[in-house]
Protein chains: 2
Amino acid sequence: MEAPPRPTELPGRIRRPEDRAPEIARAALDLFVTKGFAATKLEDVARAAGVSKGLPYLYFKSKEELFKAVIVEAIGEPLIRANELVDSFDGATEDLLRELVMKFREFAESPLGGVIKLILAEAGNFPDVARFYCSNFDRRGRDLFAKVLRRGIARGEFRPVADIEMSAILLAQPLAMHSVWLRSLAPYDESLPADSDRFYGAYLDFVLKGLRP
Amino acid sequence: MEAPPRPTELPGRIRRPEDRAPEIARAALDLFVTKGFAATKLEDVARAAGVSKGLPYLYFKSKEELFKAVIVEAIGEPLIRANELVDSFDGATEDLLRELVMKFREFAESPLGGVIKLILAEAGNFPDVARFYCSNFDRRGRDLFAKVLRRGIARGEFRPVADIEMSAILLAQPLAMHSVWLRSLAPYDESLPADSDRFYGAYLDFVLKGLRP
DNA sequence: ATATGGATACTGACCATTCAGTCATTATGG
DNA sequence: CCATAATGACTGAATGGTCAGTATCCATAT
């Protein structure tokens, strides 16, 4: 009927089929994390990715498929790298732990860090994703910390702890929580500036002192 | 036209205006926690509370008002009781901490414990609720732990820690995380049975050993 | 006691909106 | 000029919110 009013500064339609899927996935992750899955409209995802409403459906069958793709993609690579680190490290275990925490911090502060919040919030609505996460990310993450603990204890660098498995979880929990925190309450907490340096400093201090023989 | 088919075992319409609001709020909390706010239909809340679709709107102006009411109600009382405990306690600080963790456990394992997950997930969509939570629950919760730490250090029962404020947060994080955990991933984690005794045991062991002078 | 009527707790059909998903059409590159 | 990347108006289903009507309670009168 009528020529659609052309927006002045939009570069117009461009064809970049290879870049589209990751672009859309990244935009989706951000919005899912900040607003939640159900509260995020695919139209907003499309706008954030700079494409039209229909395009995401050319790359992802449905909103739910997009969700799963986003999670799986965000989880996979960082986990592999962390495993490599622990297995190939050979120095003081204290330094290994520092290094591992550093790696986690990179992950947590990248956009990918949002998956933790996302998973925790949506596990109930996506049981299969939850199970995937548990066996592939969570379990292995715990095993990573447990491995570090065992290494430290075996080398006489850490005191023996009663329950290694559970202690590994206790090590991981503040890290995970901090990542969630940054993306939920931190922006609204006036009494506590989101000072990650301070957090990781206190964390390492507390944990390493607590583990000394 | 036609007499509505009377369900056999429903007690029929009953009038209990005083009980309604809490009943609806409790049902809402449960569903908000398990499914998320946006994914929960008010019709389901009504059904879970055993009332008709329209009734919640007689007690709460809108879905959003219901959300806020649920949060505020769930947060208020447990916090007051915890404060009383810390202020009135006079024994070994280690025992105070054990007691405090015990109190938290009660809260975390009651239906109210779900608010933590709920807040973390929805803070971005309800900034004013997030701010309320920060100043009234979170800040005071941190202060509670900080107070305990200072007490222990002053009495020579705990070693001095570098950053008391942040250490208080580190103490609280595993507790909060465990509460979230129970309501999100725990049901899907086959490798880790949700054994709260074990968790709290390891937590107290780890923390108290780590704090010894 | 029993009847009457007015107040109000409650219901569920209905309306208006929002949004996931579709598709006819248009732009682009080779 | 063909193949296909991309668009955005459209649709159908779902759901937040409304409201006219119904059931129940209770105060008062008979």
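Because the structure is predicted, anything quoted here is derived from the model rather than measured. (Residues numbered from 1 in each chain as written. Chains lettered and ligands numbered in written order. Predicted model: local features only at pLDDT ≥ 70, side-chain atom pairs only at ≥ 80, totals over all residues. Heavy atoms only, no water.)

Caption draft 1: Spotlight on the protein's contact with DNA strand C. As a structural note, the neighbourhood of DNA strand C is formed by 23 residues, with Arg-13 and Lys-53 of chain A together with Arg-20, Ser-52 and Tyr-59 of chain B the closest of them. Sugar and phosphate atoms represent 65% of those atoms of DNA strand C found within 4 Å of the protein. Between Tyr-57 of chain A and DNA strand C, the recorded distance is 3.3 Å, taken from a side-chain N or O atom to a phosphate oxygen. For the surface near DNA strand C, the elements supplying multiple residues, two or more each, are helix 1 (17–35) and helix 3 (56–59) of chain B. Residues belonging to the surface near DNA strand C are distributed by class as follows: eight nonpolar, five polar and ten charged. (Near = heavy atom within 4 Å. Polar contact = N/O pair within 3.5 Å; in protein donor to acceptor, adjacent residues only side chain to side chain. Helix = DSSP H or I, 4+ residues; strand = E, 2+ residues; numbered from the N terminus. Nonpolar A, V, L, I, M, F, W, Y, C, P; charged D, E, K, R; others polar.)

Caption draft 2: Expanded view of the packing of helix 7 (residues 127–154) of chain B against helix 8 (residues 164–183) of chain B. Residue and element names in this part refer to chain B. Where helix 7 contacts helix 8, the two axes come as close as 8 Å, and the packing angle between them is 120 degrees. By the angle between their directions, the pair helix 7 and helix 8 is classed as oblique. Here the hand of the crossing between helix 7 and helix 8 comes out right-handed. Of the residues in helix 8, those touching helix 7 at Arg-142, Asp-143, Phe-145, Ala-146, Leu-149, Arg-150 and Ile-153 are Ile-164, Glu-165, Ser-167, Ala-168, Ile-169, Leu-171, Ala-172 and Leu-175. (Axes fitted to C-alpha atoms, helices over the stretch in contact; angles between N-to-C directions. Parallel < 35°, antiparallel > 145°, perpendicular 65-115°, else oblique. Left-handed = near helix turned anticlockwise from the far one by under 90°. Contact = heavy atoms within 4.5 Å.)

Caption draft 3: View of the interface of chain B and chain A. The interface of chain B with chain A comprises 52 residues on the first partner and 52 residues on the second. At the boundary of chain B with chain A, total buried surface from both sides reaches about 4700 Å², with 69% on carbon and sulfur atoms. Counting every contact that joins chain B to chain A gives four salt bridges. Between Arg-198 of chain B and Asp-163 of chain A there is a salt bridge; the shortest N-O distance is 2.6 Å. On the surface where chain B and chain A come into contact, there are eight residue pairs in polar contact (both at pLDDT 80 or more). Among the secondary structure elements, those contributing two or more residues to the side of chain B that touches chain A are helix 1, helix 6 (114–122), helix 7, helix 8 and helix 9 (196–211) of chain B. The leading source of residues in the side of chain B that touches chain A is helix 8 of chain B, at 13 residues. Of the residues belonging to the side of chain B that touches chain A, the class tally is 28 nonpolar, nine polar and 15 charged. (Buried area = accessible area lost by both parts, 1.4 Å probe. Salt bridge = Lys/Arg side-chain N within 4 Å of Asp/Glu carboxyl O.)

Caption draft 4: Representation of the relation of the copies chain B and chain A within the structure. Superposing chain B onto chain A takes a rotation of 180 degrees combined with a translation of 0.0 Å along the rotation axis, leaving an RMSD of 0.1 Å. As the rotation angle and translation indicate, the two copies are arranged about a two-fold axis. Residues of chain B ranked by C-alpha distance from the rotation axis are headed by Gly-210 of chain B, positioned 1.9 Å from it. The overlap is high: 100% of the interface residues of chain B also sit at the interface in chain A, so the same surface is used on both sides. (Least-squares fit on C-alpha atoms with pLDDT ≥ 70 in both.)

Caption draft 5: Region of the structure containing the protein's contact with DNA strand D. Taken together, 23 residues lie near DNA strand D, and Arg-16, Ser-52 and Tyr-59 of chain A together with Arg-13 and Lys-53 of chain B sit nearest. Considering the 4 Å shell around the protein, atoms of DNA strand D inside it are sugar or phosphate in 65% of instances. The contact in question runs from a phosphate oxygen of DNA strand D to an N or O atom on the side chain of Arg-20 of chain A, over 2.9 Å. Note that a phosphate oxygen of DNA strand D is positioned 2.8 Å from one of the backbone N or O atoms of Leu-42 of chain B. Mapped onto the surface near DNA strand D, the elements with two or more residues apiece are helix 1 (17–35) and helix 3 (56–59) of chain A.

Caption draft 6: Spatial organisation of empty space enclosed by the protein. Inspection of every chain in the model, using the stated rule, returns three cavities of 30 Å³ or more. For the largest cavity, the calculated volume is near 170 Å³. Where the lining of the largest cavity is concerned, the elements lending two or more residues are helix 1 and helix 6 (114–122) of chain A together with helix 1 and helix 6 of chain B. Of the residues in the lining of the largest cavity, the class split is 14 nonpolar, four polar and six charged. Its boundaries defined by the atoms lining it, the second largest cavity holds a volume of some 100 Å³. (1 Å grid on protein atoms, 1.4 Å probe; cavity = no way out; pocket = protein on both sides within 12 Å on 5 of 7 lines; lining within 4 Å. Points joined across faces, edges and corners; volume = space filled by probe spheres on them.)

Caption draft 7: Focus on the pattern of salt bridges. Residue and element names in this part refer to chain A. Taken as a whole and judged by the stated rule, the model has 38 salt bridges over all chains. Two residues, Glu-23 and Arg-20, come together in a salt bridge whose shortest N-O distance is 3.3 Å. Here Glu-23 pairs with Arg-20, and both are found in helix 1, just three residues apart, close to one helical turn. With a relative accessible area of 22%, Glu-23 lands in the partly exposed category. (Buried < 20%, exposed > 50% of the residue type's maximum accessible area, 1.4 Å probe, protein only.)

Caption draft 8: Examining the packing of aromatic side chains more closely. Per the counting criterion, the structure on display carries 20 aromatic pairs over all chains. Ring centres of Phe-199 of chain B and Tyr-203 of chain B lie 6.1 Å apart, and the angle between their planes is 25 degrees; this geometry places the pair in the stacked category. Of this pair, Phe-199 of chain B and Tyr-203 of chain B both sit in helix 9, four residues apart, which is roughly one turn of that helix. You can call Tyr-203 of chain B buried: its relative accessible area is 1%. One aromatic cluster is present, built from ring pairs that chain together Phe-32, Phe-37, Phe-67 and Phe-126 of chain A. (Phe/Tyr/Trp six-rings, centres within 6.5 Å; stacked < 30°, edge-to-face > 60°.)

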